Amino acid sequence: MRVLGIESSCDETAVAIVSEKRERIVELVLSQLKEHRPFGGVVPEIAARSHLTQLDRMIGQALEQSGIAARDIDAIAATAGPGLIGSVLVGVTMGKAMALALDRPFLAINHLEGHALSARLDPGVEFPFLLLLVSGGHCQLLRVEGVGRYRRLGTTVDDAAGEAFDKGAKLLGLGYPGGPAIEQAARRATEAGLDPKRYGLPRPMLGRPGCDFSFSGLKTALRQRAEELAVGGRLPERERDGLALALQEAIAAVLADRTANALDICSAIGGGLTALVVAGGVAANGRIRQALDRVARAKGLTLVAPPLALCTDNAAMIAWAGIERLQGGPALAQGDGLDFAARPRWPLDPSAPRAAGAGVKA
Ligand code: KG4
Ligand code: ZN
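Description of the structure in this document. Values in this document were obtained by computation on a predicted structure and should not be read as measured data. (Residues numbered from 1 in each chain as written. Chains lettered and ligands numbered in written order. Predicted model: local features only at pLDDT ≥ 70, side-chain atom pairs only at ≥ 80, totals over all residues. Heavy atoms only, no water.)

Closest axis-to-axis distance for the helix 8 (residues 237-269)/helix 9 (residues 286-298) pair is 9 Å, and the angle between their directions is 30 degrees. The angle between the axes of helix 8 and helix 9 places the two elements in the roughly parallel class. Our pair here, helix 8 against helix 9, has a crossing hand that is right-handed. Every residue of helix 9 that contacts helix 8 at Gln-248, Glu-249, Ile-251, Ala-252, Leu-255, Ala-256, Thr-259, Ala-260 and Leu-263 is listed here: Arg-287, Ile-288, Ala-291, Leu-292 and Val-295. For the contact of helix 8 with helix 9, the per-class residue count stands at 10 nonpolar, 2 polar and 2 charged. (Axes fitted to C-alpha atoms, helices over the stretch in contact; angles between N-to-C directions. Helix = DSSP H or I, 4+ residues; strand = E, 2+ residues; numbered from the N terminus. Parallel < 35°, antiparallel > 145°, perpendicular 65-115°, else oblique. Left-handed = near helix turned anticlockwise from the far one by under 90°. Contact = heavy atoms within 4.5 Å. Nonpolar A, V, L, I, M, F, W, Y, C, P; charged D, E, K, R; others polar.)

The structure is reproduced here in structure tokens:
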């Protein structure tokens, strides 16, 4: 079985073909970073137009590169939300058009489900596992119990962890995207022997019951410290790097604390866990991986992170989620109707607070 996946929910245009044997036959990702960089963040209108310009060419390239004829594709899976609605609509419309033309099932995939199942594609983790999903748009702890069975244990009440990195970097004048820039600056500060505690940044939610996150207070405190440390209106490079280190330490500590609580909640639920999985762009951060590894070991588990190409936004995880659904028995395997509406919001756990937003038909 071979499924073609399409991802266009944010600022990566991606196409992939994946087999049920976990072969990633072709994986194409085009980042729009350069187009958004001048604005210091993703501009929805630019994102949607760029997806529209690139997607059909990339689908052609994926087929050509893999040597697979379009008629040999068994299903089309496209991200149908959550995400920037104009961008999601581009991928959904393309997926539906292909499914219609080829007379194959169309699978509307929840982007979060793609992330949730990516560790099953590589390295092949078994259910149930705890997932910490940390990206620019999402910060959630999910107990992944099976295909279509997700229990949300915690989420952010304001910013996502990646957003905290991005906003922090912007504030410190470190550019966009912020995560890698903060990590680099933090490394310089460590090498220079700076003590992150010196900056007294808060660690929101740390020590509180439950597994929710909050990062907006951290951003405010960072701004205040940066203003206090500025000399003649300019933040010295050494202090800037020190603040980056303090920010990274605070985020790592909060993520580790909330994840430890989620593991305790999972123990109370029973049924065991096979692993702690971290996914999303923030999973690239070495310090955060180290902190999570420590938490997992303390609970007798291993920390598993899919390869980076599967952690950040990609289409292989969308194709794979489609394959998992097709293999999941008749109730899951039936394709979605061509009237499936793209969704700007779409929580994975329907019982979680904050229900799905109204869909937009493509
Ligand atoms: O999953 P992703 O590629 O896109 C979505 O947001 O869905 O995640 C991007 C996020 C950005 O906020 C970026 O700053 C963050 O991941 N990120 C990092 C690192 N690399 C990327 N955050 C911390 N450390 C990094 N090394
Ligand atoms: Zn994502």
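So, next bit.
Below, the discussion takes up helix 8. In a regular helix each residue adds 1.5 Å, so 33 residues correspond to 48 Å; helix 8 covers 48 Å between its end C-alpha atoms and thus fits that length. Summarising burial for helix 8: 25 of the 33 residues are buried, a large majority. Looking at the residues trailing helix 8, positive phi occurs at Gly-270, about 90 degrees. (Expected span 1.5 Å × (residues − 1). Buried < 20%, exposed > 50% of the residue type's maximum accessible area, 1.4 Å probe, protein only.)

To continue, consider helix 2 (residues 44-66). Helix length check: helix 2 (23 residues) gives 31 Å between terminal C-alpha atoms against 33 Å at 1.5 Å per residue, within 8%. Along helix 2, the sharpest kink reaches roughly 35 degrees, centred on Gln-54. Among the residues making up helix 2, those that are buried are Ala-47, Ala-48, Ser-50, His-51, Gln-54, Leu-55, Met-58, Ile-59, Ala-62, Leu-63 and Ser-66. Those residues of helix 2 hidden inside the fold are in contact with strand 1 (2-7), strand 2 (12-19), strand 3 (24-31), helix 1 (33-36) and helix 3 (85-102). Phi turns positive, to about 70 degrees, at Gly-67, one or two residues after helix 2. (Bend = angle between axes of the 7 residues up to and from the residue.)

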